[in-house]
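# Summary of structural features
Listed below, chain by chain, are the residues.
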Amino acid sequence: MDTKQIELILQTKTVGIAGCGGLGSNCAALLTRAGIGKLVLADFDIVDESNLSRQYFFRSQVGLYKTDALRENLLQLNPALIIETHCTKLTASDIARFFIGCDIVVEAFDDANAKQMLIETMALELPATPLIAGNGIAGWGNNNAITTLRADKNLYICGDGTLETSRELPPLAPRVMVVAAMQANQVLEILLNNPIY
Amino acid sequence: MNIILNNRPESFDEEALTFDELIKQKNFTFKLLVTKLNGELVRKEHRNTTEIRDGDNVTVLHLISGG
């Protein structure tokens, strides 16, 4: 496979991203740069000044919906990218409807309850679609505690699996972006190493 | 019984354990778990009745906030 073939494969692929915060916005930017053809983005939130510490947004975008702001930024990277956005707080009944056309889904929520809901719903309703979840991104340092666990045939978990965000362990850009990059890298591994996709 | 728990082999004296018993015995104290038996999701309300037996492949993931 050469560069041109890789480009042609990735152009035909669709990746769903559930949550456009620290993990989701950065993962979306990486996948866009890598040449993914289409992204399905879901988030209900608005860009806040505090998000600029680690999320792929800019000061001028404070107050915009994250899905709209991210669309703007991703199109700056690749004007040919196809983007479908869902500006809503995802519930179990939305998951299959929004992500059924995706080759892979990236779980990028902040809240652990939402992570559980997505993992369980995907297992029940879209079991054949690989899901790449993020779990444990807080704080700084300890590079080698961050891993990718293949929990199941179609479930991969990236993160340290331990550290919850708190006042003492805020989500800081480097660790958040390491995990986002691992998720994006796992997406590419699945898409490029498995000809059936 | 011998099982695979989170990709690692583990042995237990019991011939079978429910998910709730396994979680207690392993001291998994986290609130939010996703449990699977041989790749099939086991919902929270079924953890007290679903039995794990010799040779099973078990996944117990605990989810933490941050993202």
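The model shown is predicted, which means the values in this text are computed figures rather than measured ones.

## Observations regarding the interface of chain B and chain A
Interfaces are frequently sized by the accessible area removed from exposure as the parts join. On the chain A side, the residues contacting the 17 residues of chain B number 30 residues. With both sides pooled, the region where chain B packs onto chain A buries about 2,000 Å², and carbon together with sulfur makes up 55% of that total. For chain B, the biggest contributors to the area lost against chain A are I64(B), S65(B) and G67(B); these three give 32% of the whole. Here chain B is connected to chain A by 2 salt bridges. Between E120(A) and R43(B) there is a salt bridge, with its nearest N and O atoms 3.5 Å apart. Where chain B touches chain A, the interface holds 15 residue pairs in polar contact (both at pLDDT 80 or more). Broken down by secondary-structure element, the contributors of at least two residues to the side of chain B that touches chain A are β4 (33-37) and β7 (57-62) of chain B.

## Some words on the pattern of salt bridges
This model, assessed by the stated rule, comprises 11 salt bridges over all chains. Two residues, K115(A) and E107(A), come together in a salt bridge whose shortest N-O distance is 3.2 Å.

## Focus: the nonpolar core
Residue and element names in this part refer to chain A. Among the nonpolar cores identified, the biggest contains 37 residues, and I17, L31, L39, L41 and L74 are the most heavily contacted of them. When residues of this core are traced back to their parent elements, those giving at least two are β1 (14-18), α2 (22-34), β2 (38-42), α3 (66-77), β4 (104-107), β7 (155-159) and α6 (173-193). The leading source of residues in this core is α6, at 9 residues. Leave out the neighbours within four places in its chain, and L41 touches I17, C20, A28, T67, L70, L74, I83, E84, T85 and H86. With 26 residues, the next largest nonpolar core counts A18, L90, M122 and A151 among its residues.

Cut-offs applied
- Residues numbered from 1 in each chain as written.
- Chains lettered and ligands numbered in written order.
- Predicted model: local features only at pLDDT ≥ 70, side-chain atom pairs only at ≥ 80, totals over all residues.
- Heavy atoms only, no water.
- Contact = heavy atoms within 4.5 Å.
- Buried area = accessible area lost by both parts, 1.4 Å probe.
- Salt bridge = Lys/Arg side-chain N within 4 Å of Asp/Glu carboxyl O.
- Polar contact = N/O pair within 3.5 Å; in protein donor to acceptor, adjacent residues only side chain to side chain.
- Helix = DSSP H or I, 4+ residues; strand = E, 2+ residues; numbered from the N terminus.
- Core = buried A, V, L, I, M, F, W, Y, C linked by side-chain atoms within 4.5 Å.
- Buried < 20%, exposed > 50% of the residue type's maximum accessible area, 1.4 Å probe, protein only.

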